[in-house]
Every structure is written in structure tokens, then in C-alpha cells.
Amino acid sequence: MKLMKLKELNSRDVFEFSYGSNYNEEIFAEHWNENSLFMSDEDFSKLSKYINKVIEDFNYMGPNKIDLEKWFEMKNIVINSNKSELFDFINTIDDWLNLDPYKTNYFWILGV
């Protein structure tokens, strides 16, 4: 599973992990942020079963506000499943969240 920066993208069929302060939910704007992380829809499909256990109404085509409590719950499910191929993803997202300049208690996953 590969997480990419904006400049690394070679396709627009990606999910964007965006800091809480980067996306305005009232006007549904502010995609393609420099400090976001991106994942191909193919790689993202490997996360689907974990996401659906925690976020029942996840919108694969639109914005999803993920509070940190839900993130920790999903992270624990992944860790307990011993899916080692997902551990790098978990660590990368945790590292990225620690760099959030506003330290919001949520982030966005913006769908394809």
C-alpha cells in the first residue's frame, strides 16, 4: 500500500487524506492539498473491510470526516487482525497526524 504526496500522483483516481483544517465541509472545496496524503483506489480497497466496521456510512465518492476516536478504533482492528502489510500505512498516517499544524481532533478522507 502506497501513500503519495500530490506531486507524485500519476492518476486522479485516488483517495485524499486531508487535515481537518484543509477542507471546508460547508462548500465542499479544498481538494488536492500539498500536505495531504493520497492513496490509489485499488490500494484503498484493501482498507474497506476495516473502514466499514467502524464507519458504517462511509462515502466512497465524497468527503468523510474521521474523528481520531474512530481512527484509533480502526487502527486497533487492523493491528489485532495481524495484517502486517497494513502496518506501514497505519504508522505513516499516525506520523502524518502528528504533523497536523492545527492539531485538530479529526481528519478527512476525500473519496474518488
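Use the structure listed above.
Let us look at the structure shown here. (Residues numbered from 1 in each chain as written. Predicted model: local features only at pLDDT ≥ 70, side-chain atom pairs only at ≥ 80, totals over all residues. Heavy atoms only, no water.)

### Description of the packing of aromatic side chains
Turning to step 1, where the next piece is worked out: Under the criterion given, the structure shown has 15 aromatic pairs.
Turning to step 2, where the next piece is worked out: Ring centres of Trp32 and Phe38 lie 5.7 Å apart, and the angle between their planes is 15°; this geometry places the pair in the stacked category.
Turning to step 3, where the next piece is worked out: The partly exposed category is assigned to Trp32, whose relative accessible area is 35%.
Turning to step 4, where the next piece is worked out: Three or more aromatic residues joined by ring pairs form one cluster here, namely Phe15, Phe17, Tyr19, Phe44, Phe58, Tyr60, Trp71, Phe89, Trp96 and Phe107.
Turning to step 5, where the next piece is worked out: We note Arg12 situated over the ring of Trp32; from NZ or CZ to the ring centre the distance is 4.2 Å.
Turning to step 6, where the next piece is worked out: Lys65 extends its terminal NZ or CZ atom over the ring of Tyr106, reaching a point 4.4 Å from the ring centre. (Phe/Tyr/Trp six-rings, centres within 6.5 Å; stacked < 30°, edge-to-face > 60°. Buried < 20%, exposed > 50% of the residue type's maximum accessible area, 1.4 Å probe, protein only. Lys NZ or Arg CZ within 6 Å of the ring centre and 35° of its normal.)

### Some words on helix H3 (residues 68-80)
Turning to step 1, where the next piece is worked out: Here H3 spans 18 Å end to end across 13 residues, near enough to the 18 Å set by a 1.5 Å rise per residue.
Turning to step 2, where the next piece is worked out: Listed as buried for H3 are Trp71, Met74, Lys75 and Val78. Down the axis, H3 shows its buried residues gathered within 105° of arc, on one side only. Set apart from the buried face of H3 by more than 90 degrees, the exposed residues are Glu69 and Asn80. (Helix = DSSP H or I, 4+ residues; strand = E, 2+ residues; numbered from the N terminus. Expected span 1.5 Å × (residues − 1). Arc of directions from axis to C-beta.)

### Quick word on the pairing of strand S3 (residues 37-40)
Turning to step 1, where the next piece is worked out: Relative to S3, strand S1 (residues 3-4) runs antiparallel, the two sharing two bridges. The partner of Met4 across the bridge, within S3, is Phe38.
Turning to step 2, where the next piece is worked out: Pairing analysis gives four bridges linking strand S2 (residues 14-19) to S3, with the strands arranged antiparallel. The partner of Val14 across the bridge, within S3, is Ser40. (Pairing = 2+ DSSP bridges.)

### Quick look at the pattern of salt bridges
Turning to step 1, where the next piece is worked out: Inspection of the entire model under this criterion finds two salt bridges.
Turning to step 2, where the next piece is worked out: Its salt-bridge partner being Asp43, residue Lys46 comes within 3.4 Å of it at the nearest N-O pair. (Salt bridge = Lys/Arg side-chain N within 4 Å of Asp/Glu carboxyl O.)

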